[in-house]
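Summary of the model geometry
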Amino acid sequence: MDDKLRDDELVCRCEEVTVGDIKAAIKAGARDITEIKLRTRAGMGLCQGRTCEFLVQQILSRELGISAEKTGFSTPRTPQRPVTFGTLGGDGFDK
Amino acid sequence: MINKTYDVTVIGGGVIGTSVAYHLVKKGFSVALIEKKDLARGTSSHCDAAALIVDKMPGVDAALGYASIKRFLELKNELSYDFELTQNGSMYVCESDQEMEIASKYAKDMQADGYKIDILEPKELQEYEPFIAKDLKGGIFSKECCGLNPFKLCFAFVDQVNGKGLDLYSYTNVTGIKLNVKHEVEGVETDKGFISTKRIVNCAGVWANEVGRMAGIEIPVKPRKGVILISAASFPFCNQKVQEFGYMISKFSEFECKRDPDVEKYNVAFTIEPEAGNNVLIGSSRNFSDISFNTEIEIIHAIAKRAIRFYPILKEMNCIRSYAGVRPFMDDHLPLITEVEKVPGYYIATGHEGDGISMAPMTGRLIAELLAGEKPYLDLTPFNYKRLS
């Protein structure tokens, strides 16, 4: 990760969360991916953290002085990629 | 290691525990709040969130719900941290004439008690919700209902008083409750040390019985799971929380009505709730289970089926995530907001089932009034532990 990551740099593009937002959440007590998510919405958007999760882990790891593994990960949930409610709820749905 | 003394120790950092802790500090108590993970990591972040009047039964249920809405409006100004409170109203819609008949009777009973609930004709539904299915038989509406962000509410309660009367012990496990020979509370043992305290409030939700047994108290809370689906962000096609009246039937068994057999197995009833990020939350199911956060594909299917029935526009919209939470259910649908006579100093605030967010403000206030020896804002008899024996 670049040492000169600016506070106004975007981390989560889907929800428009910046480095500064992540740092503020850490200051408010967040210690892992889920806590960052609850406080900033990083990882709540269309891509569900596929793009930003690694970056958020790096920032957490650096700010708290802990290993990246200790920062956790977002719980994997159905669906694996966006799918329409029509498909999920349709008659041809394969249970 | 912790080795401190507090007037009161609150166990559980969800919406009930944080509200109780906040209201106790406001009364001048020194308070320790113990949470095994971090704030709002259990039911309070695995739910949807609204403070409604149109889903309460006439009587104490409605009184507690309505008083909480009024308290929410005060808290919006009282708490610095924004918990995204909006007062956009809420609507129940009916699929059949039979449902409409039950809903109208319910609305009239509530009106007789002084609550402002309107009965809507089918064409009025479209005026409130242009994208709702066109074949519905009508509905009921109250403009006083609110929406909010449940985990931000927890942060807001704690941020306001943390370090100013409240000490938060997160990632701290309660391992025992110390009683003296007279069976009075003496302290709380944790994996981080001992907290000396004469009073504890058990706000542990679906885990409340574990904390009860540490003092020989049985708390018959049953986990009742619910699954919710999240849509991708879109233009605002839904203006307020909307629910099918079947939701009332799924919540209270008193209402008898024929339902879609495909959704009956998991007690699925349609709810939709607009959220701050321009997503909508779509629910939900209600089935007894162990404490599990898995989302079963059969339940997801049943919820999506109901969703496209009530909002056909959703057929083409994306679902990006599902999640599940576990509600603390009580057999008589009333929470415990109570002292426990056989263990002086032991208090309980839990068992709100799906109304924990909605009733949190008043629950906190009532517990604070009870501990301060003041006359509570509402009569606490219906919420007493004694009713269970």
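Worth saying up front: this structure is predicted, and the values here are computed from it rather than measured.

Another point: the overall build of chain A. Secondary structure assignment for chain A yields four helices and three strands. When the helices and strands of chain A are listed from N to C terminus, the series reads β-β-α-α-α-β-α. A globule of 95 residues ought to have a C-alpha radius of gyration of about 12 Å, yet chain A, at 16 Å, is considerably larger. For chain A, the spread of C-alpha atoms along the principal axes amounts to about 50 × 25 × 25 Å. Scored against the burial criterion, the 95 residues of chain A give a buried share of 37%. When contacts within chain A are restricted to residue pairs at least 6 apart in sequence, long-range pairs at least 24 apart make up 47% of them.

So, about the packing of helix α1 (residues 19-27) of chain A against helix α3 (residues 53-64) of chain A. Residues and elements named next belong to chain A. The contact between α1 and α3 brings their axes to 10 Å, and the two run at 50 degrees. By the angle between their directions, the pair α1 and α3 is classed as oblique. The two elements α1 and α3 meet at a crossing, and its hand is right-handed. Between α1 and α3, the contacting residues are Val19, Ile22, Lys23 and Ile26 on the first element and Val56, Ile59, Leu60, Glu63 and Leu64 on the second. Classifying every residue of the contact of α1 with α3 by side-chain character gives seven nonpolar, no polar and two charged.

When cut into domains, chain B gives domain 1 (2-46 + 151-220 + 332-388) and domain 2 (90-143 + 222-329). Averaged C-alpha coordinates put domain 1 of chain B and domain 2 of chain B at centres separated by 31 Å.

We now examine the confidence of the model for chain B. In this model, chain B carries an average pLDDT of 94, and 97% of its residues clear a pLDDT of 70 or more. Predicted complex metrics record ipTM = 0.91 and pTM = 0.94.

Turning to helix α2 (residues 33-40) of chain A, a few remarks are in order. The buried fraction of α2 of chain A amounts to seven of the eight residues, a majority that puts the element mostly inside the structure. Among all positions of α2 of chain A, only Ile33, Glu35, Ile36, Lys37, Leu38, Arg39 and Thr40 of chain A are buried. Each element contacted by the buried residues of α2 of chain A is listed here: β2 (17-18), α1 and α3 of chain A together with α5 (150-161) of chain B.

Let us now look at the pairing of strand β12 (residues 222-231) of chain B. All names here are of chain B. With eight of ten residues buried, β12 is to be regarded as a mostly interior element. Bridge count between β12 and strand β17 (residues 318-329): ten bridges; the pairing is antiparallel. Across the sheet, the residue bridging to lysine 222 is phenylalanine 329, located in β17. Where β12 and strand β15 (residues 280-283) come together, three bridges link them in antiparallel fashion. Bridged to leucine 229 within β15 is isoleucine 282.

Here we take up the interface of chain B and chain A. Taken together, the 25 residues of chain B in the interface contact 19 residues of chain A. Looking at the side of chain B that touches chain A, its residues break down into 13 nonpolar, six polar and six charged.

Put simply, threonine 78 of chain A and proline 79 of chain A share a cis peptide bond, and its omega is -5 degrees. Its location among the elements puts proline 79 of chain A in the loop between α3 and β3 (83-84). Omega for the peptide link from glycine 283 of chain B to serine 284 of chain B comes to -25 degrees, which places this bond in the cis form. Looking at where serine 284 of chain B falls in the secondary structure, it is placed in the loop between β15 and β16 (287-288). Positive phi outside glycine occurs at glutamine 48 of chain A, with the angle close to 55 degrees. Turning to its location among the elements, glutamine 48 of chain A is positioned in the loop between α2 and α3. For asparagine 278 of chain B, which is not a glycine, the phi torsion comes out positive at approximately 65 degrees. Summarising the element assignment, asparagine 278 of chain B is placed in the loop between β14 (271-274) and β15.

Calculation rules
- Residues numbered from 1 in each chain as written.
- Chains lettered and ligands numbered in written order.
- Predicted model: local features only at pLDDT ≥ 70, side-chain atom pairs only at ≥ 80, totals over all residues.
- Helix = DSSP H or I, 4+ residues; strand = E, 2+ residues; numbered from the N terminus.
- Rg over C-alpha atoms; globule rule 2.2 N^0.38 Å.
- Buried ≥ 20, exposed ≤ 12 C-beta atoms within 10 Å, placed from the backbone.
- Contact = placed C-beta atoms within 7 Å.
- Axes fitted to C-alpha atoms, helices over the stretch in contact; angles between N-to-C directions.
- Parallel < 35°, antiparallel > 145°, perpendicular 65-115°, else oblique.
- Left-handed = near helix turned anticlockwise from the far one by under 90°.
- Nonpolar A, V, L, I, M, F, W, Y, C, P; charged D, E, K, R; others polar.
- Domains from an automatic or database assignment.
- pLDDT = per-residue confidence, 0-100.
- Pairing = 2+ DSSP bridges.

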